[in-house]
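The lines below spell out each chain.
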Amino acid sequence: MMLKLNDKHFQVIEFDNIFKDEINNSKYFNELENIAQTTELLAYSKKGGLKSQNYVGIIQTKSGFVLEILPKISVNNDYEESKKILIEMIKTLKNHPFKKISTANLKTDKMPLLEVFISFFLNELDKLIKKGIKKDYVLQQDNQRFLKGKLLINDQIKKNLVHKERFFVEYDEYVEDILENKVIKTTLKKLEKLSRNFENQRRIREFLFVFDGIGEIRNLSELKKIHIDRSKKYYESVIKICKIFLYDKSYTPYKGESIAFAILFDMNKLFESFVGHCFKNFSQGVKLQHKKFHLFDVEKKHRLIPDIVFENKIFDTKWKIISSFDDISGSDFYQMFAYAKKYNSKEVALIYPKIYEMEEKEFGFDANNKMKICFFDLKNYKIEIQRIVKDNIEN
């Protein structure tokens, strides 16, 4: 069952069905169908609708319809809890612009995910403005009544042959109208159209007033010219977020023709990052994305990269909804067997998200080597990692 925020804005839990009669607009649903046909973000479900799979975040179609996809964290969907968990997961992504996002500083209750991201950006921009909007010398050319800087002889002859009282000059001027500020101004103008939240809209208008004398970039290729030096280091976070909104960075390789704007995250990477972060908080002895061995060490081919190594125990995460042990693919077992042999580890563990109430189970590769299936409860992540580590280390 989808959650309707308004006629053009819906939330859905990952893997749940999206039915045409729920949206009640053929044009919007046809755009979603196009996304299903041209990308792997959506797929057709067995029940005749569409469903999201493995990607979460925001999709806005070209007609303005917004679909927010939240991770599945339990059988009984809780949209607010799922959104909060998603934000916590995003915070663990290495070098991600939203890494510093905090639900404590944002009034996220009942706030759509897009507005949460916009609100975070505005908070970061507020910090930047308090530190001072950067000025720099910008090369200007102008036809003036007084000599300033360098006289451009060729232009002077072309433009001022009659007007002897004017000077066509080139000079450096210390102004706020620099590239970085133009990027921020362009982002604010875009968010002014995207945001539907009253408080966000009010703040956007305030910041646009602050940047009133600053122009906008003409095309996105200008973003490649940005260079953050030491004096502009405090701009770095804001510019990274600007690029997300301006580039429509979806962190996926997919861009359907019906998609106008997208911020999407691969749940496999999110889950891997989040569980690894929890392990690191538990012990600094944890090694993430370990790269010691190859499947063929002599030829150095097919590198083995287990997600988590701790006290010679191997843990690997998989974002798959497991309702029965038959849902676990053989390739997962083979992968763990390779880890066990190469690392000479007597116990390895697969970690899946806990959606259904299932007992954890052990399988024996042989009499001395075993593999455990663990289920990670995202709703109780603060204590869950202690249980998994304790159960696997003490056994």
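Summarised in this report is the structure supplied together with it. (Residues numbered from 1 in each chain as written. Predicted model: local features only at pLDDT ≥ 70, side-chain atom pairs only at ≥ 80, totals over all residues. Heavy atoms only, no water.)

## Structural notes on the side chain of Thr-186
Here's step 1: Counting through the fold element by element, Thr-186 comes out in helix α6 (residues 179-194).
Here's step 2: Overall, the relative accessible area of 13% leaves Thr-186 in the buried class.
Here's step 3: Apart from residues lying up to four places away in sequence, Thr-186 is in contact with Glu-216, Ile-217 and Leu-246. (Helix = DSSP H or I, 4+ residues; strand = E, 2+ residues; numbered from the N terminus. Buried < 20%, exposed > 50% of the residue type's maximum accessible area, 1.4 Å probe, protein only. Contact = heavy atoms within 4.5 Å.)

## Points about the sheet that holds strand β2 (residues 9-13)
Here's step 1: Taken in spatial order, the five strands line up as β1-β2-β7-β6-β11 in an open sheet, and their pairing is mixed. Looking at strand neighbours, the two that pair on one side only are β1 (3-6) and β11 (259-266), the edges of this open sheet. Within the sheet, the average angular offset between the axes of one strand and its neighbour, ignoring direction, is 10°.
Here's step 2: Of the strand pairs in this sheet, strand β6 (residues 55-61) and strand β7 (residues 66-70) are connected by four bridges, and their pairing is antiparallel. Note that in β7 the partner of Gly-57 across the bridge is Ile-69. (Pairing = 2+ DSSP bridges. Axes fitted to C-alpha atoms, helices over the stretch in contact; angles between N-to-C directions.)

## Remarks on the packing of α6 against helix α7 (residues 198-210)
The axes of two packed helices give the description: the angle between them and the distance between them.
Here's step 1: In contact at an axis separation of 10 Å, α6 and α7 are set at 150° when each is read in the N-to-C sense. By the angle between their axes, α6 is roughly antiparallel relative to α7. The handedness of the crossing between α6 and α7 is left-handed. Residues Lys-185, Leu-188, Lys-189, Leu-191 and Glu-192 of α6 pack against Ile-204, Arg-205, Phe-207 and Leu-208 of α7.
Here's step 2: Of the residues that constitute the contact of α6 with α7, the class distribution is five nonpolar, no polar and four charged. (Parallel < 35°, antiparallel > 145°, perpendicular 65-115°, else oblique. Left-handed = near helix turned anticlockwise from the far one by under 90°. Nonpolar A, V, L, I, M, F, W, Y, C, P; charged D, E, K, R; others polar.)

## Details of the environment of Leu-5
Here's step 1: Structurally, Leu-5 is set in strand β1.
Here's step 2: For Leu-5 and Lys-301, which are 296 residues apart along the polypeptide, the C-alpha to C-alpha distance reads 50 Å.
Here's step 3: With sequence-adjacent residues up to four places away left out, Leu-5 is seen in contact with Phe-10, Gln-11 and Pro-112.

## Thoughts on the packing of helix α4 (residues 113-131) against α6
Here's step 1: It is at 12 Å that the axes of α4 and α6 come closest, and there the two elements cross at 150°. Crossing geometry of α4 relative to α6 is assigned as left-handed. When α4 is examined against α6, the residues Leu-114, Glu-115, Ile-118, Phe-121, Leu-122, Leu-125 and Leu-128 are found in contact with a partner set consisting of Ile-184, Thr-187, Leu-188, Leu-191 and Leu-194.
Here's step 2: In terms of residue class, the contact of α4 with α6 is made up of 10 nonpolar, one polar and one charged.

## Structural notes on the layout of surface pockets
Here's step 1: By volume, the largest pocket amounts to about 350 Å³.
Here's step 2: Lining the largest pocket are 13 residues, with Thr-92, Lys-94, Ser-273, Leu-288 and Gln-289 positioned closest to its centre.
Here's step 3: Here the lining of the largest pocket gets five residues from one element, more than from any other, and that element is helix α9 (residues 267-282).
Here's step 4: Within the lining of the largest pocket, the residues separate by chemical class into three nonpolar, five polar and five charged.
Here's step 5: The volume enclosed by the second largest pocket comes to roughly 280 Å³.
Here's step 6: Lining the second largest pocket are 14 residues, and of these Asn-6, His-9, Val-66, Leu-194 and Arg-196 lie nearest its centre.
Here's step 7: Here the lining of the second largest pocket is composed, by residue class, of five nonpolar, four polar and five charged. (1 Å grid on protein atoms, 1.4 Å probe; cavity = no way out; pocket = protein on both sides within 12 Å on 5 of 7 lines; lining within 4 Å. Points joined across faces, edges and corners; volume = space filled by probe spheres on them.)

## Re the pattern of salt bridges
Here's step 1: Applying the stated criterion across every chain yields a total of 22 salt bridges.
Here's step 2: Between Glu-199 and Arg-202 there is a salt bridge, and its shortest N-O distance comes to 2.5 Å. Of this pair, Glu-199 and Arg-202 both sit in helix α7, three residues apart, which is roughly one turn of the helix.
Here's step 3: Judged by relative accessible area, which is 30%, Arg-202 ranks as partly exposed.
Here's step 4: A salt bridge links Glu-360 to Arg-387, with the nearest nitrogen and oxygen atoms 3.0 Å apart. Linking Glu-360 in the loop between β17 (347-353) and β18 (361-364) with Arg-387 in helix α11 (residues 381-394), this pair joins segments that are 27 residues apart in sequence.
Here's step 5: For Glu-360, a relative accessible area of 25% corresponds to the partly exposed category.
Here's step 6: Arg-387 gets classed as partly exposed once you look at its relative accessible area, which sits at 27%.
Here's step 7: Ionic contacts of the salt-bridge type, sharing partners, join the residues Lys-313, Glu-347, Glu-362 and Lys-370 into one network. (Salt bridge = Lys/Arg side-chain N within 4 Å of Asp/Glu carboxyl O.)

## Observations concerning the packing of aromatic side chains
Here's step 1: Applying the stated criterion to the full structure yields 19 aromatic pairs.
Here's step 2: With 5.1 Å between their ring centres and 25° between their planes, Tyr-28 and Phe-65 make a pair best called stacked. One end of the pair, Tyr-28, is in helix α2 (residues 26-38); the other, Phe-65, is in the loop between β6 and β7, and 37 residues separate them in sequence. The pair Tyr-28 / Phe-65 is uniform in exposure class, with both members buried.
Here's step 3: Taken together, Phe-271, Phe-274, Trp-319, Phe-376 and Tyr-381 form an aromatic cluster joined through their ring pairs. (Phe/Tyr/Trp six-rings, centres within 6.5 Å; stacked < 30°, edge-to-face > 60°.)

## Re the pairing of β2
Here's step 1: Burial analysis of β2 places five of its five residues in the buried class, which makes it a mostly covered element.
Here's step 2: Residue alternation in β2 divides its side chains into two sets, His-9, Gln-11 and Ile-13 and Phe-10 and Val-12, and both sets are buried.
Here's step 3: As paired strands, β1 and β2 are joined by three bridges and run antiparallel to one another. Bridging across to β2, Lys-4 finds its partner in Phe-10.
Here's step 4: From the end of β1 to the start of β2, which pair antiparallel, there are two residues.
Here's step 5: As judged from the five bridges shared by β2 and β7, these two strands associate in the parallel manner. The residue of β7 that forms the bridge with Gln-11 is Glu-68.

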